[in-house]
Amino acid sequence: MSTATPRPATLPHALLTPAPPVRTARPDEAAALAALSRPFVRSGALRDRPVSLYTARAADFLVLEAADGTLDGCVGLRAYPGDAGREACERPGVVYNFCVAAHRQGSGAGASLLRAVLATARAHSLDALFTATTGSAGLFHRHGFTHTTTRQAPRIWADSLDPRRDAQVLIRTW
């Protein structure tokens, strides 16, 4: 009779590496935010935004900073006023410009950023979050987002979406 010796399970790298801290971006990091976003703009996953927008809206962005001080990921969160007469929530927010550097994809960095943006939205009493993605939306689905239409989203944001990009519109409520 042969018996096997149990061995500890091998954990994925993302579970072995502690999640880096997520923090609010600073205005002086606008060029770094633009540089981090540039590959995603070239692929069509993100809209091109001027450095001046990153400077003006630095407080919208949560970032993941590498040990060497470079940015490994970012995500924007913007609150919008509710739209009277729409199928909207009272205090909606929009998740935008969500990107993770290629060398960090698959490491849990995106999940860390998304958890942080959800916590920030709840702390600011937002009752729903919207986003638009041209990707698979898998990460968003794993964090409670579901498909919706632009009719529920803040009008000013919904009107800014480019229909040629064929993005999926998602919502997360709590």
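Model, not experiment: these values are computed from the prediction. (Residues numbered from 1 in each chain as written. Predicted model: local features only at pLDDT ≥ 70, side-chain atom pairs only at ≥ 80, totals over all residues. Heavy atoms only, no water.)

Helix and strand counts for the protein stand at six helices and seven strands. Along the protein, from the amino end to the carboxyl end, the secondary structure elements read α-β-α-α-β-β-β-α-β-α-β-α-β. Out of the 174 residues belonging to the protein, those deemed buried represent 42%. Considering only contacts within the protein whose residues lie at least 6 apart along the sequence, 68% involve residues at least 24 apart. Per element, the accessible surface of the protein, about 9900 Å² overall, is 54% carbon and sulfur. (Helix = DSSP H or I, 4+ residues; strand = E, 2+ residues; numbered from the N terminus. Buried < 20%, exposed > 50% of the residue type's maximum accessible area, 1.4 Å probe, protein only. Contact = heavy atoms within 4.5 Å. Areas by Shrake-Rupley, 256 points an atom, 1.4 Å probe, with all protein chains shown as cover.)

On to helix 4 (residues 109–123). Side chains of residues three or four places apart in an α-helix project in the same direction, reflecting 3.6 residues per turn. For helix 4, which comprises 15 residues, the first-to-last C-alpha distance of 21 Å matches the rise-based estimate of 21 Å (1.5 Å per residue) to within 8%. Listing the buried residues of helix 4 in full gives Ala 109, Gly 110, Ala 111, Ser 112, Leu 113, Leu 114, Ala 116, Val 117, Leu 118 and Ala 121. (Expected span 1.5 Å × (residues − 1).)

Of all six residues that make up strand 5 (residues 128–133), five are buried, and the element is covered over most of its length. Here strand 4 (residues 92–100) runs beside strand 5; their pairing, made up of three bridges, is parallel. Within strand 5, the position partnered with Pro 92 by the bridge is Ala 128. Handedness of the crossover is the feature at issue here: the chain leaves strand 4, passes through helix 4, returns alongside strand 5, and the resulting connection is right-handed. Here strand 5 runs beside strand 7 (residues 168–173); their pairing, made up of six bridges, is antiparallel. (Pairing = 2+ DSSP bridges. Right-handed = clockwise from strand over helix to strand, strands pointing away.)

Further remarks concern the pairing of strand 3 (residues 71–79). Among the nine residues that make up strand 3, seven are buried, leaving the element largely enclosed by the rest of the structure. Direction of pairing for strand 2 (residues 61–65) relative to strand 3: antiparallel, over a ladder of five bridges. The residue bridging Phe 61 from the neighbouring strand is Gly 76, located in strand 3. Where strand 3 lies against strand 4, six bridges are found, and the strand directions are antiparallel. Paired with Leu 77 across the strands is Val 95, a residue of strand 4.

With that settled, consider the sheet that holds strand 2. Neighbouring strands of a sheet are bound in pairs by backbone hydrogen bonds; such pairs are parallel or else antiparallel. Here we have seven strands laid out as an open sheet, ordered 1-2-3-4-5-7-6, and mixed in their pairing. The sheet terminates laterally at strand 1 (22–24) and strand 6 (146–147), the two strands that pair on one side only. Along the sheet face, helix 2 (residues 30–43) touches strand 2, strand 3 and strand 4 and points at about 95° away from the line of strand 3. Contacts from helix 4 reach strand 1, strand 2, strand 3, strand 4, strand 5 and strand 7, with the element oriented near 160° to strand 4. (Axes fitted to C-alpha atoms, helices over the stretch in contact; angles between N-to-C directions.)

This next bit is on unusual backbone geometry. Only a minority of non-glycine residues have a phi that is not negative, and only a minority of peptide bonds are not trans. Within the chain, Asn 97 stands out as a residue other than glycine whose phi angle is a positive 50°. Within the secondary structure, Asn 97 sits in strand 4.

Before going further, it helps to examine the environment of Cys 99. Checked against the element boundaries, Cys 99 lands in strand 4. Given the relative accessible area of 2%, Cys 99 is considered buried. Residues Cys 99 and Cys 74, 25 residues apart in the sequence, show an inter-C-alpha distance of 5.6 Å. Sequence-distant contacts of Cys 99, defined by excluding residues within four places in its chain, comprise Leu 36, Ser 37, Phe 40, Leu 46, Gly 73, Cys 74 and Leu 113.

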